[in-house]
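Architecture at a glance
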Amino acid sequence: MAEHVTLTEPYVEPRQQRQADFMGMYVFLGTETMLFGGIFALVFAYRTLHPDAVAEAARHMRLWIATANTALLLTSSLFVALAVHAARRGGRRAVAGWLGLAIAFGAAFLALKGVEYWKDYTEGLMPLIGPHASVRDGPAALFIDLYFVATGLHAIHMTVGLTLLGTIATLVGGRRKGVPSQAVVVEMGGLYWHFVDVVWVFIYPLFYLARG
Amino acid sequence: MSRETTLLVAVWAALMLLLAATVAATFAPLGALKPVLNLGIAFAKASLVFWVFMHLREQPWLARLAAVAAVAWLLMLIALTQADLMTRSLF
């Protein structure tokens, strides 16, 4: 498919441009890895320093909502992968359709996350606002606050990803980006979405499954 | 289904199986092995997503290296932090 690519400055051949596109995106996602990685390093530190408090805090987290959300995200990633596959074959409508499905699953993830935050609020797990659960009295509060930072930052990334997929679906569906000549737009949006999925794949065991 | 589509669906099925396995491991009496297993499954899932969904299998080695370099640095960051925390009481 590389032969059909729209070539732009400063590249002299499609293959070179294509490799630069992917390399740039992988490096950007590397910076995101380090952003979330700092949080993950803290999780390990808290587990080492306060093993019992962390296990106690993790038992207050909603394992089944998180499991359903993991399944939703993994499935949305399949839809995005199918959209990329369709883009490479020039299936304009299929791209919009698969991305639409991925967006629906991503939105369902955020809706479930909202339900979860509401339950956290009413149970008194949130810092500063709402009632105060006794589990927040000890070092477990460190872990619970970190859970809000990690999932909140991830939810922001989900919102960016949904906006990105929506924009790409509109551009490709409305013929403003042609496929397969500009399939790279779908590929790069897809990389971002899959990455946000991978971040969740680690948030899930580090927080929800840390019940000891 | 084309071969490519079959592969994508197979990867998704594997990801769902790994999710089921990690939930099962959480409720099994595995003791200290549990976090190791759960993290191992997370790495297996991430590898599948990176290799197939994120196109690493189509890339030259330089791009593959760029994609996982941050993970290597991150593992050092976590390992050295843990080395500090776990040995503080020894000296």
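These numbers come from a predicted model, not from an experiment.

Moving on: the packing of aromatic side chains. All names here are of chain A. All told, the structure shown has 16 aromatic pairs over all chains when counted by the stated rule. Connected via pairs of aromatic rings, a cluster forms that spans F109, Y117, F143, Y147, F148, W200, Y204, F207 and Y208. One residue, K113, lies across the ring of Y117, its end atom 4.7 Å from the ring centre.

Right, let's get into the packing of helix α3 (residues 63-88) of chain A against helix α1 (residues 3-27) of chain B. Interhelical geometry of α3 of chain A versus α1 of chain B gives an angle of 170° and a closest axis separation of 10 Å. It follows from the interaxial angle that α3 of chain A and α1 of chain B lie roughly antiparallel. Contact residues: L63, W64, T67, T70, A71, L74, T75, L78, A81, L82 and H85 of chain A in α3 of chain A; E4, T5, L8, V9, W12, L15, M16, L19, V23 and F27 of chain B in α1 of chain B. Its residues assigned to classes, the contact of α3 of chain A with α1 of chain B shows 15 nonpolar, 5 polar and 1 charged.

With 43 residues of chain B at the contact, the number on the chain A side is 45 residues. Note on chain B versus chain A: buried area summed over both sides is about 3,800 Å², and carbon and sulfur give 80% of it. The interface formed by chain B and chain A contains 1 salt bridge. Salt-bridge contacts for R88 of chain A lead to E58 of chain B; the nearest nitrogen and oxygen are separated by 2.9 Å. Listing elements by their share of the side of chain B that touches chain A, those giving two or more residues are α1, α2 (33-53) and α3 (61-87) of chain B. Looking at the side of chain B that touches chain A element by element, the count peaks at 13 residues for α3 of chain B. Grouping the constituent residues of the side of chain B that touches chain A by class yields 31 nonpolar, 8 polar and 4 charged.

Once that is clear, we can look at the pattern of salt bridges. Residue and element names in this part refer to chain A. By the definition in use, this model includes 10 salt bridges over all chains. Taking the shortest distance from any N to any O, the salt bridge between R59 and E56 comes out at 3.8 Å. Residue classification places R59 among the partly exposed residues on the basis of a relative accessible area of 46%.

The next subject is the nonpolar core. Counting 90 residues, the largest nonpolar core has F143, Y204, F207 and Y208 of chain A together with F53 of chain B as the members making the most contacts within it. The biggest single contributor to this core is helix α6 (residues 183-208) of chain A, with 18 residues. Residues from two domains meet in this core; each of domain 1 (1-58) and domain 2 (59-91) of chain B gives at least three.

Residues and elements named next belong to chain B. Domain annotation for chain B reports domain 1 (1-58) and domain 2 (59-91). When each unit is reduced to the centre of its C-alpha atoms, the spacing between domain 1 and domain 2 is 21 Å. Taken together, the contact pairs 7 residues of domain 1 with 8 residues of domain 2. Taking both partners together, domain 1 and domain 2 bury about 520 Å²; carbon and sulfur atoms supply 67% of that area. Where domain 1 packs against domain 2, one counts 0 salt bridges. In terms of residue class, the side of domain 1 that touches domain 2 is made up of 4 nonpolar, 1 polar and 2 charged.

Further remarks concern the packing of helix α2 (residues 51-58) of chain A against helix α5 (residues 140-173) of chain A. All names here are of chain A. At their nearest, the axes of α2 and α5 sit 8 Å apart, and the two run at 50° to each other. Taken together, the axis directions place α2 and α5 in an arrangement best described as oblique. Handedness of the α2/α5 crossing: right-handed. Touching A53, V54, A57 and A58 of α2 are A140, F143 and I144, all from α5. Residue composition of the contact of α2 with α5, grouped by class: 7 nonpolar, no polar and no charged.

Take P205 of chain A: it is sitting in helix α6. Among the residues examined, P205 of chain A registers a relative accessible area of 6% and is labelled buried. Counting along the chain gives 91 residues from P205 of chain A to G114 of chain A, while the straight-line C-alpha distance between them is 20 Å. Once you skip the residues sitting within four places of it in the chain, P205 of chain A turns out to touch R47 and A210 of chain A together with N38 and A42 of chain B.

So, how was this worked out
- Numbers given to residues run from 1 along each chain, matching the order in which its sequence is written.
- Labels are handed out in written order, letters beginning with A for the chains and numbers beginning with 1 for the ligands.
- In view of the model being predicted, local features appear only for residues whose pLDDT reaches at least 70, and side-chain atom pairs are presented and counted only at 80 or more, with totals across whole chains, interfaces and linings using the full set of residues.
- Hydrogens are left out, water is left out, and the side-chain values use all remaining heavy atoms of the structure.
- Pairing of aromatic rings covers Phe, Tyr and the six-membered ring of Trp, with a centre-to-centre limit of 6.5 Å; geometry is then stacked below 30 degrees between planes, edge-to-face above 60, and tilted otherwise.
- For a Lys NZ or an Arg CZ to count as sitting over a ring, it must be within 6 Å of the ring centre and within 35 degrees of the ring normal.
- Lines fitted to C-alpha atoms define the axes, with helix axes restricted to the stretch in contact, and inter-axis angles between N-to-C directions lie between 0 and 180 degrees.
- A run of DSSP states H or I qualifies as a helix once it reaches four residues; a run of E qualifies as a strand once it reaches two. Both are numbered from the N-terminal end.
- Angles below 35 degrees are treated as roughly parallel, those above 145 as roughly antiparallel, those between 65 and 115 as roughly perpendicular, and all remaining angles as oblique.
- Only heavy atoms enter the contact rule, under which two residues are in contact if any of them lie within 4.5 Å.
- Each residue gets one label: Ala, Val, Leu, Ile, Met, Phe, Trp, Tyr, Cys and Pro are nonpolar, Asp, Glu, Lys and Arg are charged, and the others, such as Gly, are polar.
- Note on definitions: buried area is the accessible-area loss of two parts on being combined, 1.4 Å probe, summed for both.
- For this document, the term salt bridge refers to a Lys or Arg side-chain nitrogen within 4 Å of an Asp or Glu carboxyl oxygen.
- Only protein chains enter the accessibility calculation, which uses a 1.4 Å probe; a residue whose area is less than 20% of its type maximum is buried, one above 50% is exposed, and one in between is partly exposed.
- The definition of a nonpolar core used throughout is a set of buried Ala, Val, Leu, Ile, Met, Phe, Trp, Tyr and Cys residues joined through side-chain atoms within 4.5 Å.
- Each domain's limits were defined by an automated method or a database of domain assignments.
- Take the far helix as your reference; a near helix turned counterclockwise from it by less than a right angle gives a left-handed crossing, and one turned clockwise gives a right-handed crossing.

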